[in-house]
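Remarks on the overall topology
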Amino acid sequence: MARYVLALDQGTTSSRAILFDRQGTVVAVRNQEFRQIYPRPGWVEHDPLDIWDSQLAVARAVLKEAGATPDDIAAIGVTNQRETTIVWDKATGDPVYNAIVWQDRRTADLCTDLKRRGREALFREKTGLVVDPYFSGTKIAWILDNVPGVRERAERGEVIFGTVDTWLVWKLTGGRVHVTDYSNASRTLIFNIHTLDWDDELLQELNIPRAMLPEARPSSQVYGETDPAWLGGAIPIAGIAGDQQAALFGQACFRPGMAKNTYGTGAFVLMNTGDRPARSEHGLITTVAWGVDGKVEYALEGSIFIAGAVVQWLRDELKIIEKAADTEPLARSVDDTGGVYLVPAFAGLGAPYWDPYARGTIVGITRGTGRAHLARAALESIAYQTRDVLGAMEADSGLSLSALRVDGGAVLNNFLMQFQADLLGVPVDRPVVNETTALGAAYLAGLAAGFWRNREEIEQFWQRDRRFEPAMPEDVREKLYAGWKRAVGRARAWEEPAQ
Ligand SMILES: Nc1ncnc2c1ncn2[C@@H]1O[C@H](COP(=O)(O)OP(=O)(O)O)[C@@H](O)[C@H]1O
Ligand SMILES: O=P(O)(O)OC[C@H](O)CO
């Protein structure tokens, strides 16, 4: 009898494979980083074959480490960096261009043009999204318009599009299955979240042929089996979800009003809003959380483009730390930032500002400013951005949060977690299993395969590691936050549109 579920977590900077047992415990984990390609300022690409090779390598390695055969695996769940856009030849499997990554800003002017032509309300109404280069739609249009011959081939149905889930499932099944799930589809700017289908009017606006699109399906069902060539046997692929929606599921945020924040490269706050899409009036987006048990549920999302990545920047570009964890003692070595704010708008600003022309800014520097102040300001910026989006979420939902569930690489930083609780004025709960993205994908697959019975069963697995209680006086908190808002004002609209 199968003992495990295998989760494939294809992230922005690394591919991960994790085996979970029936209690939702991590049995084995493997991780592999892959190449980031920056052809021009503001452009970010991946080689789709690097994505595939690294993902396959870690899947094989994790089975080997656990001594598991395909018969031990009940199902595979796939979760992925979202919005990243791949177009490939259906016959040969060759990508026609690199993957254009979610952080890529090359279509900012195209988005500005759509807004100037008054199209934003239409996209917003149908997709729940704002018109921003973040989402896949304008990236597909860019490939069709800029890679010679691709438009004609797409119209003939010879080249096809997919987000990273679609690419991986297509590869895993030996080119037999071209699907995505509703949660990933809801990030493309061409998917109608009310009808749960690709939208012809939006496809026309962006001039994208329908023939190139995958079939959109629920998030928990059997989509196909792996080609035995890859993992030594045919294993059902039974779960697909975008990584942030998978984390919401892995955190067992099953009831409306429950929210989580994942602190990885970026940070993504999602609040479950139940079976109806809630519309934001405060700069958040509406997204499909998942389709499970014949039902679709929605979430409000605050997407923060740079979170842990600001720590990587301190390490790799400024070289003022050796490893990410060094930021904690460094930040604690000073009482405060000495009035310094760092706004990490390296890829523009996401929610709630949606300003692709914002750029990174440091304000308040004096002669006494040192690396400790900068490191502290960098960590604090992650918490300030989270407060921006949670404030918007509370205003939209009318709910006030009783606690925030957190996960992702940067939650190991206790200074950051305490500052986050202080700044929000609500407790921050860190779970024992921090790999909630992979866990969510495993749950989705395991539910479809009958490995777990229902959500009530898996809800029991959630366990708290540590709660951070807010301790900062309110007047201090509000004064600090007011300074952040002023700093954001300085970062905005820095780059200028082309025309
Ligand atoms: N102790 C730490 N303090 C602050 N940031 C950290 C710490 N450890 C890791 N990080 C940050 O967390 C991120 C990695 O988290 P992870 O969840 O693996 O991200 P992703 O899935 O986006 O690749 C990196 O950006 C790294 O800088
Ligand atoms: O790869 P991550 O974990 O940084 O997540 C990326 C998000 O899915 C982008 O929307």
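Residues numbered from 1 in each chain as written. Chains lettered and ligands numbered in written order. Predicted model: local features only at pLDDT ≥ 70, side-chain atom pairs only at ≥ 80, totals over all residues. Heavy atoms only, no water.

Under an unreviewed UniProt entry, the name given to the protein is Glycerol kinase, and the organism recorded is Thermaerobacter subterraneus DSM 13965. Listed in UniProt under the heading Pathway (unreviewed entry), the comment for the protein reads: "Polyol metabolism; glycerol degradation via glycerol kinase pathway; sn-glycerol 3-phosphate from glycerol: step 1/1." (UniProt positions renumbered as here; feature names shortened; annotations may be inferred.)

**Comments concerning the site of ligand 2**
In the region of ligand 2, the neighbouring residues are Gly11, Thr12, Gln81, Arg82, Glu83, Trp102, Tyr134, Asp243, Gln244, Thr265 and Phe268. One of the side-chain N or O atoms of Thr12 is found 2.5 Å from an oxygen atom in ligand 2. Here ligand 2, which alone exposes 310 Å², has 91% of that area covered by the protein. Grouping the constituent residues of the shell around ligand 2 by class yields 3 nonpolar, 5 polar and 3 charged. (Near = heavy atom within 4 Å. Polar contact = N/O pair within 3.5 Å; in protein donor to acceptor, adjacent residues only side chain to side chain. Areas by Shrake-Rupley, 256 points an atom, 1.4 Å probe, with all protein chains shown as cover. Nonpolar A, V, L, I, M, F, W, Y, C, P; charged D, E, K, R; others polar.)

**Describing the domain arrangement of the protein**
Looking at the protein, the domain boundaries give domain 1 (4-244) and domain 2 (252-498). The centre of domain 1, based on its C-alpha atoms, is set 24 Å off from the matching centre of domain 2. The partner domain 2 presents 45 residues to the 54 residues of domain 1 that form the contact. Between domain 1 and domain 2, the buried area comes to about 4000 Å², and carbon and sulfur atoms account for 62% of it. Between Glu301 and Arg82 there is a salt bridge, with the nearest N and O atoms lying 2.9 Å from each other. (Domains from an automatic or database assignment. Contact = heavy atoms within 4.5 Å. Buried area = accessible area lost by both parts, 1.4 Å probe. Salt bridge = Lys/Arg side-chain N within 4 Å of Asp/Glu carboxyl O.)

**Focus on the sheet that holds strand S17 (residues 285-292)**
The 7 strands lie next to each other as S17-S18-S16-S15-S21-S22-S23, forming an open sheet whose pairing is mixed. The strands lining the two open edges of the sheet, one partner per strand, are S17 and strand S23 (464-468). Across the sheet, the mean angle from the axis of one strand to that of its neighbour is 30°, orientation sign disregarded. In the sheet, strand S22 (residues 428-431) pairs with S23 via 4 bridges, with the strands oriented antiparallel. Looking at S23, one finds that Pro431 is bridged to Arg464. In this fold helix H13 (residues 371-397) packs onto strand S15 (259-263), strand S16 (267-274), strand S18 (295-304) and strand S21 (404-407), with an angle of close to 135° to the strand it touches most, S18. (Pairing = 2+ DSSP bridges. Helix = DSSP H or I, 4+ residues; strand = E, 2+ residues; numbered from the N terminus. Axes fitted to C-alpha atoms, helices over the stretch in contact; angles between N-to-C directions.)

**What to know about the packing of aromatic side chains**
Within the structure shown, the criterion is met by 27 aromatic pairs. A centroid spacing of 6.2 Å and a plane angle of 25° characterise the contact between Tyr134 and Trp354, whose relative ring orientation is stacked. Residue Tyr134 is found in the loop between helix H3 (120-127) and helix H4 (136-146), and its partner Trp354 is found in the loop between strand S19 (341-343) and strand S20 (361-363); the two are separated by 220 residues along the sequence. For the pair Tyr134 and Trp354, one class covers both residues: buried. Taking 6.1 Å as the distance between ring centres and 15° as the angle between the ring planes, the aromatic pair formed by Phe415 and Phe419 counts as stacked. Of this pair, Phe415 and Phe419 both sit in helix H14 (residues 414-424), 4 residues apart, which is roughly one turn of that helix. Here Phe415 and Phe419 have matching classes, each one buried. Seen from the ring of Trp43, Arg106 lies directly overhead, with NZ or CZ sitting 3.7 Å from the centre. A cation over a ring is seen here: Arg455 above Phe254, with NZ or CZ 5.3 Å from the ring centre. (Phe/Tyr/Trp six-rings, centres within 6.5 Å; stacked < 30°, edge-to-face > 60°. Buried < 20%, exposed > 50% of the residue type's maximum accessible area, 1.4 Å probe, protein only. Lys NZ or Arg CZ within 6 Å of the ring centre and 35° of its normal.)

**A look at the UniProt feature "binding site: glycerol" (unreviewed entry) in the protein**
When the UniProt feature table is mapped onto this chain numbering, "binding site: glycerol" (unreviewed entry) sits at Arg82, Glu83, Tyr134, Asp243 and Gln244. Position of Glu83 relative to the elements: it lies in the loop between strand S5 (73-80) and strand S6 (86-89). With residues near it in sequence (within four places) discarded, Glu83 still touches Ile100, Trp102, Tyr134, Phe135, Ser136, Lys139, Thr163 and Arg187. Judged by relative accessible area, which is 0%, Tyr134 ranks as buried. When sequence neighbours within four positions are dropped, the list of residues in contact with Tyr134 reads Arg82, Glu83, Trp102, Arg105, Lys139, Arg187, Phe268, Glu301, Ser303, Phe305 and Trp354.

**Some points on helix H1 (residues 48-66)**
Its 19 residues give H1 an end-to-end C-alpha distance of 28 Å, which sits within 8% of 27 Å, the value for a rise of 1.5 Å per residue. Burial in H1 covers these residues: Pro48, Ile51, Trp52, Ser54, Gln55, Leu56, Val58, Ala59, Val62 and Leu63. Capping of H1 at its N-terminal end is provided by Asp47; its side-chain oxygen lies 2.8 Å from the backbone amide nitrogen of Leu49. Just beyond H1, the residue with positive phi is Gly67, at close to 65°. (Expected span 1.5 Å × (residues − 1).)

**What to know about the sheet that holds strand S3 (residues 26-33)**
The strand order across the open sheet built from 6 strands is S3-S2-S1-S5-S14-S13, with neighbouring strands paired in mixed fashion. Lying at the two open borders of the sheet, with one neighbouring strand each, are S3 and strand S13 (220-225). Taken over all neighbouring pairs, the strand axes of this sheet differ in orientation by 25° on average, direction set aside. As judged from the 3 bridges shared by S13 and strand S14 (residues 236-242), these two strands associate in the antiparallel manner. Across the sheet, Glu225 pairs through a bridge with Pro236, a residue of S14.

**Structural notes on the site of ligand 1**
Around ligand 1, a shell composed of 15 residues is seen, among which Thr13, Arg16, Thr265, Gly308 and Gly409 lie nearest. In this structure, an oxygen atom belonging to ligand 1 sits 3.0 Å away from a side-chain N or O atom of Thr13. For ligand 1, an oxygen atom lies 3.0 Å from a polar atom in the backbone of Gly308. A total of 580 Å² of accessible area belongs to ligand 1 in isolation, and the protein chains cover 81% of it.

**Notes on the nonpolar core**
In terms of nonpolar packing, the biggest core is built from 139 residues, with Ile208, Met212, Phe249 and Tyr263 touching the most fellow members. Looking at this core element by element, the count peaks at 13 residues for H13. Looking at this core, you find at least three residues from each of domain 1 (4-244) and domain 2 (252-498). Sequence-distant contacts of Ile208, that is, excluding residues within four places in its chain, are made with Gly137, Ile140, Ala141, Leu144, Ile190, Leu203 and Leu213. (Core = buried A, V, L, I, M, F, W, Y, C linked by side-chain atoms within 4.5 Å.)

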